[in-house]
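# Structural characterization, general
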Amino acid sequence: VQLVESGGGLVQPGGSLRLSCAASGFTFSRYAMSWYRQAPGKEREYVARITSVGGSTNYHDSVKGRFTISRDNAKNTVYLQMNSLKPEDTAVYYCNAQIASYYYWGQGTQVTVSS
């Protein structure tokens with residue numbers, strides 16, 4: 001299993017970023033996918049989840065209405081569209097797949113929201 005995140009960077013408050021996670025090594029379309037984040041000095045926290053066929057999504061309260069998770073099963077890729085970014089969204093963002101009780105993680109992509 002390999003998960004490779006991309007799309008992070010430095011953005012001003014109120015700006016937008018779109019993260020991508022390219023998956024390989026498993027049947028992507030069969031599994032729900034999630035995004036997590038970890039800010040400096042804090043524990044990793046859940047951000048959003050999407051079911052295997054994308055019919056259902058779920059978000060942490062702190063990002064509801066600002067972030068959108070989506071997936072393209074033909075491209076084995078999950079996305080996180082982040083709008084109206086705030087300084088408190090600054091963190092390393094990780095893609096996650098739970099397969100047979102194992103949690104697989106990517107290497108993470110840094111998102112910094114600052115003026």
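That block above? That's the structure.
Parameters at a glance
- Residues numbered from 1 in each chain as written.
- Predicted model: local features only at pLDDT ≥ 70, side-chain atom pairs only at ≥ 80, totals over all residues.
- Heavy atoms only, no water.
- Helix = DSSP H or I, 4+ residues; strand = E, 2+ residues; numbered from the N terminus.
- Rg over C-alpha atoms; globule rule 2.2 N^0.38 Å.
- Disulfide = S-S within 2.5 Å.
- Buried < 20%, exposed > 50% of the residue type's maximum accessible area, 1.4 Å probe, protein only.
- Phe/Tyr/Trp six-rings, centres within 6.5 Å; stacked < 30°, edge-to-face > 60°.
- Lys NZ or Arg CZ within 6 Å of the ring centre and 35° of its normal.
- Pairing = 2+ DSSP bridges.
- Axes fitted to C-alpha atoms, helices over the stretch in contact; angles between N-to-C directions.
- Salt bridge = Lys/Arg side-chain N within 4 Å of Asp/Glu carboxyl O.

### So, the overall build of the chain
Along the backbone of the chain there are zero helices and eleven strands. Secondary structure elements of the chain occur, N-terminal to C-terminal, as β-β-β-β-β-β-β-β-β-β-β. Against the 2.2 N^0.38 benchmark of 13 Å for 115 residues, the chain shows a C-alpha radius of gyration of 13 Å, consistent with a compact globule. Each principal axis of the C-alpha atoms in the chain carries an extent, and together these give about 40 × 25 × 25 Å.

### Quick notes on the state of the cysteines
Evaluated as defined, the whole model comprises one disulfide. The disulfide bridge from C21 ends at C95, spanning 2.1 Å between sulfur atoms. What sets the handedness of the C21 and C95 disulfide is the S-S torsion sign, and at about -80° it is left-handed. Pair noted here: C21 is in strand β3 (residues 17-24) and C95 is in strand β9 (residues 91-99), with a separation of 74 residues, a long-range link. In this structure C95 comes out as buried when scored by relative accessible area, which is 0%.

### Points about the packing of aromatic side chains
Two measures describe an aromatic ring pair: the distance that separates the ring centres and the angle between the ring planes. For the structure on display, the rule yields five aromatic pairs. Aromatic pair F26 and F28: ring centres 6.2 Å apart, planes at 55°, arrangement tilted. For F28, a relative accessible area of 2% corresponds to the buried category. Here a set of aromatic residues connected by ring pairs shows up, and it is made of Y36, Y46, Y94 and W105. Above the face of the Y94 ring, R44 is positioned so that its terminal group lies 3.7 Å from the ring centre. Note that R44 overlies the ring of W105, its terminal NZ or CZ placed 4.5 Å from the centroid.

### Notes on unusual backbone geometry
Apart from glycine, the bulk of residues carry a negative phi angle, and the bulk of peptide bonds sit in the trans form. One non-glycine residue, N76, lies in the positive phi region at around 50°. As for its position among the elements, N76 is in the loop between β7 (67-72) and β8 (77-82). For A100, which is not glycine, the phi torsion reads 50° and is therefore positive. With respect to the element layout, A100 can be found in the loop between β9 and β10 (102-105).

### Remarks on the sheet that holds β7
Judged by pairing direction, the sheet is antiparallel, and its four strands sit side by side in the order β1-β3-β8-β7 without closing on themselves. Taken across any chain shown, the strands that pair with only one partner, and hence form the sheet edges, are β1 (2-6) and β7. Averaged over all pairs of adjacent strands, the angle between their axes in this sheet comes to 15°, without regard to strand direction. Pairing of β3 with β8, which is carried by six bridges, proceeds in the antiparallel orientation. Following the sheet pairing, L19 is matched in β8 by L80.

### As for the pattern of salt bridges
Enumeration according to the criterion identifies four salt bridges in this entry. Close ionic contact of R37 with D89 constitutes a salt bridge, the shortest N to O distance being 3.0 Å. Taken together, the positions of R37 in strand β4 (residues 33-38) and D89 in the loop between β8 and β9 put the pair 52 residues apart, joining distant regions of the chain. When sorted by exposure, R37 lands in the same class as D89, which is buried. Note that K64 is salt-bridged to D61, the shortest N-O span being 3.1 Å.

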